Amino acid sequence: MTLDAALPALSSLLGDRLCRSKSELDHHGQSESHFPPTPPEAVAYPETTEEVAALVKICADHGVPVIGWGAGTSLEGHALAVQGGVVVDFARMNRVIAVNAEDMDVRVQPGITREALNEHLRATGLFFPVDPGANASIGGMASTRASGTTAVRYGTMRDNVMGLEVVLADGRVTRTGTRARKSSAGYDLTALFVGAEGTLGLITELTLKLQGQPTAVSAAVCAFSDMSDAVATVIETIQTGVPMARIEFVDAATARAVNAYSDADFPEKPHLLVEFHGSEVGVGEDAEIFGAIARDNGAEGFQWARQTEDRNRLWKMRHEAYRAILASRPGARAIVTDVCVPISALAQAVAETQADIDASPVEAPILGHVGDGNFHAILLIDPDDKAEVRAAETLSARMADRALRLGGTVTGEHGIGMGKLGYMRAEHGNGWEVMGSIKAALDPQNIMNPGKLVPPE
């Protein structure tokens, strides 16, 4: 069955919000990583849950694939229409529905971005803490179970989504969860859809936990002569129980790329970037403990910042790292690895990864949210150079195998999409088949984001 048969009903439903222009299709066929352009057959811009439900019902009646689209920042090809069909862009479903300040929660539509949500919350004294770096949509962040720089203190999307409204593959609308802080009422359907990458349904509303804005924030950056000393500092700080809001690592290659990209002057050495949230007294004590641990491990060039603009300047290194690394090799594409290991295995994982990179012809700066054992290597390749592509794939596979051997996972936050399908059986064994069975039960026609996450048909 083809889209052509569904077009009259879809056009009647959406009018000019069903787009088939080349520019729209090309825009929604791009990804942030190395995958080739894959334009969909049409792009839909719904404005209500009812429109999404009607759209999905039409597509189900005609066997047309449906793929959700947030901000387009995913890194594993999650939103590419690899089997054709309709991309559903949630840009017009971007409202804050209700802020419940007393209960510290908020209801939002999926198209609102992380930054827009926090701007809306500014006057309430609350904020949404999950920060993946990119200004991603909240619906996309839930769909990939995203985390980021603040996960070491505030958790991931799994910990911060209380409930959802979801349109299933047959057009039914279902709600999961409540605004209560705990429940023992049946299967945890919220957790099922958070991280499902749109393969089970389209998220049309989210209820999120909020946090109080801290009264004091302190940030610091420091350099190390050796990567192993920086990693040792992370492990020791975590083991002392210091409640960091962020602790990030960048290697010397990343510092060099940021300097060139942003006209900065960071020493071209491995760096740790940390941030503490709390009271004035608590933040000061936490910073003092961290500083002592870091100095014992050879840290140098400490820079501390309390004012917002000064903290932003320090965090510039981490927030611009990905773009800076891409710019360091004009024309290159990136294969972005995303392993996560138990904190006790972090030093071994990083050291062995660096040794593999040193022995490879591929440039691959390392950075990551090492406070929870999650780090990335940005593998820069010429997509037309088959030898480079093979070398990068080998590096990525070795990182994935190592993470599993050390008790970790092949993706700490980016998700599976189609980029990491090849590792799912090794990580989950028969559990991957169980995921496929759930998919088949909820989406027997396989129209919801086909080709991603679950075993191929």
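Residues numbered from 1 in each chain as written. Predicted model: local features only at pLDDT ≥ 70, side-chain atom pairs only at ≥ 80, totals over all residues. Heavy atoms only, no water.

Novice: Which residues make up the packing of aromatic side chains, and what values go with them?
Specialist: Within this structure, the stated rule accounts for four aromatic pairs. Ring plane angle 90 degrees and centroid distance 5.7 Å describe the contact between phenylalanine 127 and tyrosine 154, whose orientation is recorded as edge-to-face. Here tyrosine 154 lies in helix 6 (residues 151-154) and phenylalanine 127 lies in strand 7 (residues 126-127), a separation of 27 residues in the sequence. Here phenylalanine 127 and tyrosine 154 have matching classes, each one buried. Relative to tryptophan 304, the ring of phenylalanine 302 has its centre 5.9 Å away and its plane inclined at 5 degrees; by these criteria the two rings are stacked. Chaining the aromatic ring pairs together yields one cluster made of Phe276, Phe290, Phe302 and Trp304. (Phe/Tyr/Trp six-rings, centres within 6.5 Å; stacked < 30°, edge-to-face > 60°. Helix = DSSP H or I, 4+ residues; strand = E, 2+ residues; numbered from the N terminus. Buried < 20%, exposed > 50% of the residue type's maximum accessible area, 1.4 Å probe, protein only.)

Novice: Before we move on, could you go through the packing of helix 14 (residues 346-358) against helix 15 (residues 386-405) and cite the residues and values that matter?
Specialist: Across the interface, helix 14 lies against helix 15 with an axial gap of 10 Å and an inter-helix angle of 160 degrees. Judged by the inter-axis angle, helix 14 sits roughly antiparallel to helix 15. Helix 15 is crossed by helix 14, and the crossing has right-handed handedness. Taken together, the residues of helix 15 that come into contact with helix 14 (itself represented by Gln348, Ala349, Glu352, Thr353, Asp356 and Ile357) are Leu395, Arg398, Met399, Arg402 and Arg405. The residue makeup of the contact of helix 14 with helix 15, split by class, is four nonpolar, two polar and five charged. (Axes fitted to C-alpha atoms, helices over the stretch in contact; angles between N-to-C directions. Parallel < 35°, antiparallel > 145°, perpendicular 65-115°, else oblique. Left-handed = near helix turned anticlockwise from the far one by under 90°. Contact = heavy atoms within 4.5 Å. Nonpolar A, V, L, I, M, F, W, Y, C, P; charged D, E, K, R; others polar.)

Novice: Quick one: what's the story with the state of the cysteines, residue by residue and with numbers?
Specialist: Within the structure shown, the criterion is met by zero disulfides. Free of any disulfide, cysteine 59 has its nearest cysteine sulfur in cysteine 19, 14 Å distant. (Disulfide = S-S within 2.5 Å.)

Novice: Can you explain unusual backbone geometry? Please cite residues and give values.
Specialist: A positive phi is found at arginine 145, a non-glycine position, where the angle reads about 50 degrees. By the secondary structure assignment, arginine 145 is in the loop between helix 5 (138-143) and helix 6. The backbone phi angle of aspartate 263 is positive, close to 55 degrees, even though this residue is not glycine. Mapped onto the fold, aspartate 263 is located in the loop between helix 10 (252-262) and strand 14 (271-278).

Novice: Go over empty space enclosed by the protein, please, and point to the residues and values.
Specialist: Scanning the model with the defined rule gives two cavities of 30 Å³ or more in all. Its volume calculated, the largest cavity comes out at about 40 Å³. Gln30, Ser31, Trp69, Gly72, Ser74, Gly77, His78, Ala79 and Leu80 together form the lining of the largest cavity. Considering only residue class, the lining of the largest cavity consists of three nonpolar, six polar and no charged. What lines the second largest cavity is simply Thr337, Asp338, Val339, Ser396, Met399, Ala400, Val410, Lys420 and Tyr423. (1 Å grid on protein atoms, 1.4 Å probe; cavity = no way out; pocket = protein on both sides within 12 Å on 5 of 7 lines; lining within 4 Å. Points joined across faces, edges and corners; volume = space filled by probe spheres on them.)

Novice: Kindly report on the pattern of salt bridges, identifying the contributing residues and their values.
Specialist: All told, the structure shown has 30 salt bridges when counted by the stated rule. Where aspartate 103 meets arginine 179, a salt bridge forms, and the shortest distance between an N and an O atom there is 2.6 Å. With aspartate 103 in the loop between strand 5 (96-100) and strand 6 (105-108) and arginine 179 in the loop between strand 9 (173-177) and helix 8 (189-193), the pair connects residues that are 76 residues apart, well separated along the chain. For arginine 179, a relative accessible area of 37% translates into the label partly exposed. Note that glutamate 388 and arginine 329 form a salt bridge whose closest N and O atoms lie 3.0 Å from each other. With glutamate 388 in helix 15 and arginine 329 in the loop between helix 13 (321-327) and strand 16 (333-336), this residue pair connects regions lying 59 residues apart in the sequence. Exposure remark for glutamate 388: the relative accessible area of 15% places this residue in the buried category. A relative accessible area of 21% places arginine 329 in the partly exposed class. (Salt bridge = Lys/Arg side-chain N within 4 Å of Asp/Glu carboxyl O.)

Novice: Just give me the short version of helix 10, but keep the residues and values in it.
Specialist: Three or more residues of helix 10 are buried, namely Thr254, Ala255, Ala257, Val258, Asn259 and Ser262. Where helix 10 is buried, its residues contact strand 13 (244-250), strand 14, helix 12 (308-319), helix 13 and strand 18 (366-369). One side-chain oxygen at the N-terminal end of helix 10 lies 3.3 Å from the backbone nitrogen of alanine 253; it belongs to aspartate 251. Looking at the residues trailing helix 10, positive phi occurs at aspartate 263, about 55 degrees. (Polar contact = N/O pair within 3.5 Å; in protein donor to acceptor, adjacent residues only side chain to side chain.)

Novice: Pulling in residues and values, what's your account of the sheet that holds strand 9?
Specialist: Judged by pairing direction, the sheet is antiparallel, and its five strands sit side by side in the order 5-6-10-8-9 without closing on themselves. In this open sheet, the two edge strands, each paired with only one partner strand, are strand 5 and strand 9. Along the sheet, successive strands turn relative to each other by an average axial angle of 15 degrees, direction set aside. The pairing of strand 6 with strand 10 (residues 201-209) spans four bridges and is antiparallel. By the bridge assignment for strand 10, valine 106 is matched with leucine 208. Along the sheet, helix 4 (residues 114-121) makes contact with strand 5, strand 6 and strand 10, crossing strand 5 at roughly 45 degrees. (Pairing = 2+ DSSP bridges.)

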